[in-house]
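The chain contents come next:
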Amino acid sequence: MQENLKKQAASAAIPYLKGCRIIGIGTGSTVNYFIDLLAPIKHQFDGAVSSSEASTKKLLALGIPVLDLNTVGTLDVYVDGADEINSNLQLIKGGGGALTREKIIAAASKSFVCIADHSKLVPYLGNFPLPIEVIPMARSYVARELVKLGGHPVWRENFITDNGNIILDTHRLEIVEPCQLESAINNLTGVVTTGLFAQRPADIVLLASKDGTQTLSMELE
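Residues numbered from 1 in each chain as written. Predicted model: local features only at pLDDT ≥ 70, side-chain atom pairs only at ≥ 80, totals over all residues. Heavy atoms only, no water.

Novice: Just to check I follow, could you spell out the state of the cysteines for this structure?
Specialist: Note: disulfide means a covalent bond formed between the sulfur atoms of two cysteine side chains. All told, the structure shown has zero disulfides when counted by the stated rule. Free of any disulfide, Cys-20 has its nearest neighbouring cysteine sulfur in Cys-114, separated by 17 Å. Free cysteine: Cys-114, not disulfide-bonded; nearest cysteine sulfur from Cys-179 at 16 Å. On the basis of relative accessibility, which here comes to 0%, the residue Cys-114 falls in the buried class. (Disulfide = S-S within 2.5 Å. Buried < 20%, exposed > 50% of the residue type's maximum accessible area, 1.4 Å probe, protein only.)

Novice: Would you mind showing me how to read the sheet that holds strand β11 (residues 196-197) here?
Specialist: The strands making up a sheet associate through hydrogen bonds between their backbones, and the pairing can be parallel or antiparallel. If you walk across this open sheet you meet the three strands as β4-β5-β11, and the pairing is antiparallel. For this open sheet the edge positions go to β4 (84-85) and β11, each flanked by a neighbour on one side alone. (Pairing = 2+ DSSP bridges. Helix = DSSP H or I, 4+ residues; strand = E, 2+ residues; numbered from the N terminus.)

Novice: I'm lost on the pairing of strand β9 (residues 166-171) in this one. Help?
Specialist: On a regular strand, one side chain projects to one face of the sheet and the next to the other, so that they alternate. In terms of residue burial, β9 counts as a mostly covered element, since five of its six residues are buried. Across five bridges, the pairing between strand β7 (residues 130-134) and β9 is antiparallel. Bridging across to β9, Ile-132 finds its partner in Leu-168. Summarising the sheet, strand β8 (residues 152-155) and β9 pair through four bridges and their orientation is antiparallel. In the strand pairing of β9, Val-154 is matched with Asp-169.

Novice: Explanation requested: the pattern of salt bridges in the structure shown.
Specialist: Opposite charge on two side chains permits pairing when their charged atoms draw close. On inspection of all chains with the given rule, the structure shows 12 salt bridges. We note a salt bridge from Asp-80 to Lys-93, for which the minimum N-O separation is 2.7 Å. Taken as a pair, Asp-80 in strand β3 (residues 75-80) and Lys-93 in the loop between β5 (91-92) and α5 (99-107) lie far apart in primary sequence, 13 residues in all. As far as burial versus exposure is concerned, Asp-80 and Lys-93 are alike and both buried. Here Lys-210 and Asp-211 are joined by a salt bridge, their closest N and O atoms 3.7 Å apart. (Salt bridge = Lys/Arg side-chain N within 4 Å of Asp/Glu carboxyl O.)

Any functional reading would require information that these geometric values do not contain.
Okay, structure coming up:
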């Protein structure tokens, strides 16, 4: 059932690509369905900017060129999933470990379209452990600082990001002030970035359920 909802959410994002020559592509199981849906319409695009090696491999297999963000500039639209979403369209991302590149592409995009099933919408963020990408030598220091912020960081062992860093999955956070916490964590020396997408939230969230796909937009609220 959940896989069908992921496909449903992915399909709902296709109309948002109208007129886009270069699209930003995220990472994860829902995004994989979205990439599959690009195959019949790939002639409409000059290429894509990818947030992970996994998505890059999948795009290239379909014959969609993968471009360097540095040469592309601002993107019209970025499509990605989320691990948690609140009513302000702020997100926790990074369950797949690609949070830094995802955050860079989101920042460089005019519109961020998030695709997910309805179970990802929550009253407040933090039940899903917050991923934080950290320079390896700073792991213990950053972990101690995260404890001071009320978190319980757990090193994601045997996992290295595409950037060569490690991830601390931080449990027990009740995130009532997402923007403030994002700044506090990003200011810790040794942190590359946090999976909290609060200061740059999604613009549109497409939530799939058995009753259809709901569109959440800050413009409509």
